[in-house]
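This is what each chain is made of:
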Amino acid sequence: MSQTLDRRLAGAVQRVTATALGPYQSAIVRIGFSLTWLVFLLREFPHRRELYGPDGPWGWDMARELIAENHAFTVLMWSDSAAWFECVYALALLAGVLLLLGWRTRTTSVVFMVGVLSLQNRSIFMGDGGDNVIHLMAIYLVFTRCGRVWSLDARRARRKAPGDRAADRWGPALWAVFGLLLLVGTLTHRTGGEWWLALLLWTLWSSQGVWWAVNRWAPGSEPRTLLDVLANLAHNAALVVIMAEVCLIYATAGWYKIQGSRWQDGSALYYPLKLDYFTPWPALSDLIADSGLIVMVLSYGTVMVQVAFPFTLFNRKVKNVLLAVMMLEHAGIALLLGLPFFSLAMIAADAVFLPTSFLRRLGGWVAGARDRFPRRAVRIPEQRATPGEQVARTLVG
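Nothing here was measured: the structure is a model prediction, and the numbers come from that model.

**Notes on the overall build of the protein**
Looking only at helices and strands, the protein features 19 helices and zero strands. Projected onto its principal axes, the C-alpha coordinates of the protein cover approximately 90 × 65 × 60 Å. With 397 residues in all, the protein has 39% of them scored as buried. Of the contacts made within the protein by residues no fewer than 6 positions apart, 74% connect residues no fewer than 24 positions apart. Split by element, the accessible area of the protein, about 23600 Å² in all, is 66% carbon and sulfur. In the protein, which carries 38 positive and 27 negative side-chain charges, the distance between the mean positions of the two groups comes to 14 Å.

Pasting the structure below:
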């Protein structure tokens, strides 16, 4: 029995160190959060200066005083010029697009994190619960290998021939540029934040350089294997943290609801449905709010699903059912209460629990739809044949 246990333990350790678990789950989380953040930035583009920039109610002096107390990280405090704010906002948009496409995910995930932290920490009173989720997941994604599937990185790896050591121009260029920015920020004491964040950024920068150098000059060596093991460990640990974070969100939300008297009598959902700020569709909200039975079922059902979900992870079928219910619940919140980005952020977080078989089928459906999309044929103009070629064609028939 002890030998069987040892073999199972050795197999588990080997799997954790030799494989980046959940490649499809980490990819869908990457796509979900980058898409949510990108759509939010695009929608708020006309109001960006009021939200996070120099025209906002939370002025430069107030932000500097608050950040000096809470030690938050934001590169927007490097300068109070409008041009610097526009550059940071544009970089956050670009990072969202590149992370969504999966281009250089190791680098773009760090830039994505810097963009999220910089904008949100500049005006922390402008967000909601969805911003908090994006804030945390932006940090966790840095440690994941979220570009193994459904990314431009994966397509480039498939097209790369074995043993191909072609020169990488983008990698060293990005590494040098961001290293210079990080050095300037450190020497001028503008990195801000807690000490661990500066240490994290320098660790990520240096490890990326080591990774590129080993891949370039020693691709099949033991250091390359060691780097793979460390990357897999970091990825798997981050994936567990993301799952634990989602469970913690639902568990705390459910147990706090149980303590509320409105949730206990089943009338909690009635009140937000009667607030003008949370009723984008007043007729639909009134239709639901006027039915006491629907309000009670939705209120009790929300509490039961949130409290029960962490305990259903050991039963795959029950977990998948509750997962679908929670995603539908967030879709309802987006529709009824007008909170689309909070709902998108939570659905993206829930996606970490989606089964691999479903995600593979989803990828197959998307690929099939892409293949069926009509593509314009490119006509290559036929060159005029020379007299010798015309004679040869005549002879051949």
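**Quick look at the UniProt feature "transmembrane region" (unreviewed entry) in the protein**
Mapped onto this numbering, the UniProt entry annotates "transmembrane region" (unreviewed entry) at residues 21–42, 82–103, 170–189, 195–214, 226–253, 287–309 and 321–349. What you have in residues 82–103 is 91% helix and 0% strand, and the ends, taken at the C-alpha atoms, are 29 Å apart. In residues 170–189, helix accounts for 90% and strand for 0%; the two terminal C-alpha atoms are 28 Å from one another.

**Considering the pattern of salt bridges**
Per the stated rule, a full pass over the model turns up nine salt bridges. Residue Asp228 is joined to Arg224 by a salt bridge in which the shortest nitrogen-to-oxygen separation is 2.6 Å. Of this pair, Asp228 and Arg224 both sit in helix α11 (residues 222–258), four residues apart, roughly one helical turn. The class of Asp228 is partly exposed, set by a relative accessible area of 23%. Arg224 sits in the buried class, given a relative accessible area of 18%. The network of salt bridges with common partners includes Arg48, Arg49 and Glu86.

**Quick notes on helix α4 (residues 60–70)**
At 3.6 residues per turn, the α-helix brings residues three or four places apart onto the same side. All buried positions along α4 are accounted for by Ala63, Leu66 and Ile67. For α4, the buried positions fall inside an angular range of 100 degrees around the axis, keeping them on one side. Of the residues in α4, the exposed ones pointing more than 90 degrees away from the buried face are Asp61, Glu65, Ala68 and Glu69. Residue His71 follows α4 closely and has a positive phi angle near 55 degrees.

**Remarks on the nonpolar core**
A general trend in soluble globular proteins is that nonpolar side chains are found buried together. In terms of nonpolar packing, the biggest core is built from 65 residues, with Phe33, Trp37, Leu41, Leu119, Met137 and Phe309 touching the most fellow members. The set of elements that each furnish at least two residues to this core consists of α2 (23–43), α5 (82–101), α6 (105–122), α7 (129–141), α10 (195–217), α11, α16 (316–336) and α17 (340–350). With nine residues, α2 is the single largest residue contributor to this core. Residues in contact with Phe309, not counting those within four places in the same chain, are Cys247, Tyr250, Lys319, Leu322, Leu323, Met326 and Phe353. Counting residues in hydrophobic clusters, the runner-up holds eight residues, among them Leu269, Leu273, Val295 and Leu336.

**Things to note about the packing of aromatic side chains**
According to the stated counting rule, one finds 16 aromatic pairs in the structure shown. An angle of 65 degrees between the planes, with centres 5.0 Å apart, marks the rings of Trp58 and Phe125 as edge-to-face. Note that Trp58 is positioned in the loop between α3 (48–51) and α4 and Phe125 in the loop between α6 and α7, a separation of 67 residues in sequence. Judged by relative accessible area, Trp58 falls into the partly exposed class, the value being 22%.

**Quick look at a nonpolar patch on the surface**
Together, Leu293, Met296, Val297, Tyr300 and Met304 give the surface a local cluster of nonpolar side chains, amounting to about 480 Å² of exposed area. Tracing the backbone through its elements, the reader meets Tyr300 in helix α15 (residues 292–308). When its relative accessible area of 31% is taken as the criterion, Tyr300 is described as partly exposed.

**Thoughts on the side chain of Thr74**
Within the fold, Thr74 resides in the loop between α4 and α5. Classification of Thr74 as buried rests on a relative accessible area of 3%. A polar contact of 3.1 Å, which involves the side chain of Thr74, links it to the backbone nitrogen of Leu76. Here Thr74 is in contact with Ile67, Leu117, Ser118, Asn121 and Arg122, once residues within four sequence places are set aside.

The rules we used
- Residues numbered from 1 in each chain as written.
- Predicted model: local features only at pLDDT ≥ 70, side-chain atom pairs only at ≥ 80, totals over all residues.
- Heavy atoms only, no water.
- Helix = DSSP H or I, 4+ residues; strand = E, 2+ residues; numbered from the N terminus.
- Buried < 20%, exposed > 50% of the residue type's maximum accessible area, 1.4 Å probe, protein only.
- Contact = heavy atoms within 4.5 Å.
- Areas by Shrake-Rupley, 256 points an atom, 1.4 Å probe, with all protein chains shown as cover.
- Lys, Arg positive; Asp, Glu negative; His and termini not counted.
- Charge placed at Lys NZ, Arg CZ, Asp CG, Glu CD.
- UniProt positions renumbered as here; feature names shortened; annotations may be inferred.
- Salt bridge = Lys/Arg side-chain N within 4 Å of Asp/Glu carboxyl O.
- Arc of directions from axis to C-beta.
- Core = buried A, V, L, I, M, F, W, Y, C linked by side-chain atoms within 4.5 Å.
- Phe/Tyr/Trp six-rings, centres within 6.5 Å; stacked < 30°, edge-to-face > 60°.
- Patch = residues over 30% accessible without salt bridge, like charges linked within 9 Å, V, L, I, M, F, W, Y side chains within 5 Å.
- Polar contact = N/O pair within 3.5 Å; in protein donor to acceptor, adjacent residues only side chain to side chain.

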